Structure formats: structure tokens, C-alpha cells
Amino acid sequence: MTADVVDQTTGAGEPLAADEIRAMRERIDEIDQAIIDLWLERARLSQAVGKTRMASGGTRLVLSREREIVDRFRAALGPDGTQIALMILRAGRGPL
Ligand SMILES: O=C(O)C(=O)C[C@]1(C(=O)O)C=C[C@@H](O)C=C1
């Protein structure tokens, strides 16, 4: 059953629940920003590694290293981890 008055922004049916949800959302927003910042920092580092390697006459990619990264994400997060790792890698080195 739905409460008589549902808070529009949180979707909660009671004021106390709405307060709790707002507090948890604050932390969720902080975490999301940290993920965005780390994502961008990692992409910049990945591009710098690629430039350094290619300037030294090396290869654009190191697939054994990519496999290691995909394996780590899959071991920690399951099948979603594989997808996340592939997106993270693409953000740095570009599409294969
Ligand atoms: O670690 C490297 O050698 C990188 O170039 C970085 C990175 C990555 O984004 O993690 C990117 C491309 C390579 O194929 C492997 C890994």
C-alpha cells in the first residue's frame, strides 16, 4: 500500500524516511563525484602511458596488461566487472 502523502523528491511515504533518504543521497552524490574524478584521472594517466610507450618506439597497447585488469574487475564484481573494465580501458586508450 502507498502512503497518503508521498514526498515528491525522495518518493518516501514518511517524513523520517525522506530525511534518511536525503542523507544517503548526499553520500551517493559524493561517491558519484569521486568515481567521475577517478575515471578522468585514470583516462589521463592511461593516455600518458600510451604516449610515453609509443614515443619510445613501443606498441600502442599491451594486451596482457589489459587482460590482468579485466580479470581483476571480473573477480571483484562478476560479469558487470568485465563490462566496467572494458569501458574504463576504452576511456583511456580509445577503441580497439
Ligand atoms: O598500463 C599500460 O601499459 C597502459 O598503456 C594503460 C592501459 C590502461 O588503461 O590500463 C591502456 C592500454 C594498454 O593496452 C594497457 C593498459
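Since we're looking at a predicted model, the values are computed, not measured.

### Some remarks on the UniProt feature "domain: Chorismate mutase" (unreviewed entry) in the chain
- UniProt feature "domain: Chorismate mutase" (unreviewed entry): in the numbering of this structure it lies at residues 15–96.
- Between the C-alpha atoms that bound residues 15–96 there is a distance of 50 Å. The span itself is 87% helix and 0% strand.

### With respect to the environment of alanine 18
- Mapping alanine 18 onto the fold places it in helix H1 (residues 15–55).
- Measuring from C-alpha to C-alpha, the distance between alanine 18 and glycine 57 comes to 58 Å, with 39 residues separating the pair along the chain.
- Apart from the residues lying within four places of it in its own chain, the contact partners of alanine 18 are Asp7, Thr10 and Ala12.

### Here we look at a nonpolar patch on the surface
- Taken together, the side chains of Ile36, Trp39, Leu40, Leu77, Ile84 and Met87 make up a nonpolar region of the molecular surface, amounting to roughly 520 Å² of accessible area.
- Sorting the residues of the nonpolar patch by element identifies H1 and helix H3 (79–93) as the ones contributing at least two each.
- Counting through the fold element by element, leucine 40 comes out in helix H1.

### Structural notes on the pattern of salt bridges
- Taken as a whole and assessed by the stated rule, the structure comprises 6 salt bridges.
- With a closest N to O distance of 2.8 Å, arginine 27 and glutamate 30 form a salt bridge. One end of the pair is arginine 27 and the other is glutamate 30, both in helix H1 and 3 residues apart, which spans about a single turn.
- Salt bridges here are not isolated pairs; linked through shared partners, they connect Asp7, Asp19 and Arg22.

### Describing the environment of alanine 3
- Considering the arrangement of structural elements, one finds alanine 3 in the segment before H1.
- The partly exposed category is assigned to alanine 3, whose relative accessible area is 33%.
- Sequence separation between alanine 3 and glutamate 14 is 11 residues, and the spatial gap between their C-alpha atoms is 7.6 Å.

### Concerning the side chain of threonine 10
- With respect to the helices, strands and loops of the structure, threonine 10 is situated in the segment before H1.
- Among the residues examined, threonine 10 registers a relative accessible area of 11% and is labelled buried.
- Setting aside anything within four residues of it in sequence, one finds threonine 10 in contact with Ala18, Ile21, Arg22 and Arg25.

Parameters at a glance
- Residues numbered from 1 in each chain as written.
- Predicted model: local features only at pLDDT ≥ 70, side-chain atom pairs only at ≥ 80, totals over all residues.
- Heavy atoms only, no water.
- UniProt positions renumbered as here; feature names shortened; annotations may be inferred.
- Helix = DSSP H or I, 4+ residues; strand = E, 2+ residues; numbered from the N terminus.
- Contact = heavy atoms within 4.5 Å.
- Patch = residues over 30% accessible without salt bridge, like charges linked within 9 Å, V, L, I, M, F, W, Y side chains within 5 Å.
- Areas by Shrake-Rupley, 256 points an atom, 1.4 Å probe, with all protein chains shown as cover.
- Salt bridge = Lys/Arg side-chain N within 4 Å of Asp/Glu carboxyl O.
- Buried < 20%, exposed > 50% of the residue type's maximum accessible area, 1.4 Å probe, protein only.

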